[in-house]
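Each chain, letter by letter, is given below.
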Amino acid sequence: MTLTAPPAPPVGAPAPASAPSRPRRRLATSGTAGRTLISAVDLQRHRRLYLALLGLTLVVFTLVFLFPLYWMVTSAVKSPVEYARSTPTFIPQSWHPETYATAWTNMRIAKYFTNTVLYATGGWLISLLVDVGVAYALSKLKPMFGRIVLGAMLASLMLPAAALLVPAYKTVVDLPLLHVNLLNTPWALWLPAAANAFNVYVLKRFFDQIPDDLLDAASIDGAGRLRQLWSIVLPLSRPVLGVTSIFIIVAMWKDFLWPLLVLQDPESQTLSVALARLANTSQVPPTEFMAGLAIASLPMIVVFLIFQRSIIGGLSAGSLKG
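Here's what I pulled together on the structure shown here.

Observations regarding the overall build of the protein chain
A tally of helices and strands in the protein chain yields 15 helices and zero strands. The proportion of buried residues among the 322 residues of the protein chain is 30%. Across the protein chain, every contact between residues at least 6 apart in sequence was considered, and the portion connecting residues at least 24 apart equals 71%. If you sum the accessible surface of the protein chain, you get close to 22100 Å²; carbon and sulfur atoms cover 68% of it.

Considering unusual backbone geometry
Located in the positive-phi region is Lys142, a residue other than glycine, with phi close to 50°. Along the chain, the position of Lys142 falls in the loop between α5 (109–141) and α6 (146–156). Among the residues examined, Lys142 registers a relative accessible area of 57% and is labelled exposed. In this structure, Leu177 takes a positive phi of about 70° despite not being glycine. Within the element layout of this structure, Leu177 appears in the loop between α7 (165–173) and α8 (187–194).

Topic: the side chain of Thr74
Structurally, Thr74 can be placed in helix α2 (residues 47–76). Within the structure, the side chain of Thr74 is placed 3.4 Å from the backbone oxygen of Trp71, a separation counted as a polar contact.

Some details on the packing of helix α11 (residues 225–236) against helix α12 (residues 238–254)
Look at α11 against α12: their axes get within 5 Å of each other, and the N-to-C directions meet at 70°. Regarding the angle of α11 to α12, the classification is roughly perpendicular. For the pair α11 and α12, the contacting residues are Leu234, Pro235 and Leu236 in the first and Arg238, Pro239 and Leu241 in the second. Partitioned by chemical class, the residues of the contact of α11 with α12 number five nonpolar, no polar and one charged.

Considerations on the environment of Tyr136
Position of Tyr136 among the secondary structure elements: in helix α5. Residues Tyr136 and Val200, spaced 64 residues apart in sequence, show a C-alpha to C-alpha distance of 9.0 Å. The contact partners of Tyr136, leaving out residues within four places of it in the chain, are Leu141, Phe207, Arg225, Gln228, Leu229 and Val233.

What to know about the pattern of salt bridges
Scanning the model with the defined rule gives three salt bridges in all. In this structure, Lys140 and Asp212 form a salt bridge, with 2.9 Å as the shortest nitrogen-oxygen distance. Remark: Asp212 occurs in helix α10 (residues 212–220) and Lys140 occurs in helix α5; sequence separation between them is 72 residues. The exposure class of Lys140 is buried, given its relative accessible area of 10%.

Some points on a nonpolar patch on the surface
Taken together, Leu49, Leu53, Leu56, Val60, Phe61, Val64, Phe65, Leu66, Leu69, Ile301, Phe304 and Leu305 make up a surface patch of nonpolar side chains, about 1200 Å² in accessible area. Of all the secondary-structure elements, those providing two or more residues to the nonpolar patch are α2 and α15 (286–317). It is α2 that contributes the most residues to the nonpolar patch, nine residues altogether. Structurally, Leu56 is set in helix α2. By relative accessible area, Leu56 is classed as exposed at 52%.

What counts and what doesn't
Residues numbered from 1 in each chain as written. Predicted model: local features only at pLDDT ≥ 70, side-chain atom pairs only at ≥ 80, totals over all residues. Heavy atoms only, no water. Helix = DSSP H or I, 4+ residues; strand = E, 2+ residues; numbered from the N terminus. Buried < 20%, exposed > 50% of the residue type's maximum accessible area, 1.4 Å probe, protein only. Contact = heavy atoms within 4.5 Å. Areas by Shrake-Rupley, 256 points an atom, 1.4 Å probe, with all protein chains shown as cover. Polar contact = N/O pair within 3.5 Å; in protein donor to acceptor, adjacent residues only side chain to side chain. Axes fitted to C-alpha atoms, helices over the stretch in contact; angles between N-to-C directions. Parallel < 35°, antiparallel > 145°, perpendicular 65-115°, else oblique. Nonpolar A, V, L, I, M, F, W, Y, C, P; charged D, E, K, R; others polar. Salt bridge = Lys/Arg side-chain N within 4 Å of Asp/Glu carboxyl O. Patch = residues over 30% accessible without salt bridge, like charges linked within 9 Å, V, L, I, M, F, W, Y side chains within 5 Å.

So, in structure tokens, the structure goes:
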């Protein structure tokens, strides 16, 4: 039996209609990116309950974080008698805003404020210089045993800070090789602050995202390693440099235990250490002490409110997009 092909249509005849195409089915894709703990249907059904719980959570967290600040600021404007009452008053019955001016004068806050600014500024410069150099070497220079060095630095983050106080103190008292005593000097704060593994890790992660082709092109043009760092890496790393700078300044400003150990001279102490010393001598009324605490915390609160977007943006600037 032979199969014959169907006869060809005559010339000029219309082409036969093709079979109707079946509509393509759209696969229902439920990506993991759109999945949440509560489905959209349940969210619409219980929208009022969801908004109520969300508002309650925001109120609770706001009170937990802001109430200590409110109590500190309002306690300073109370009278000493009202402050000493067994039943606290959440709203001051008498206002004495002049307590802040009195605390500024009697507690010599300007002197210790200047010391803290000096320590924070010098620590920022030295820490940034050391951390950028180490991160650049580990990221772009690829030294021998670089991964081992990085792993050892990250392992130090798992140690509690109190466990490092004694070795760091003995190092500051008798600096190796030089045999110099750094107590009551700014270097006792600056050198330990420069060895920060977290800042090195953050900078290295950002430097890893900078393409090596840019550095290779600069090397062909005759730029050395330092020129590549200064002209290419640092201008591209402004977001993460800003975040690291904020971390360093805040850490230097709020540190208490380490300055208490290494700054034993009252004239060289930071603001936090001086306030604690004056409070222990019982020469300062409690309202003036609360005013001093409010003045000491104000600069870092202002810094955070101004640069909060830079902190979040800088930390996510070096992340990979998938």
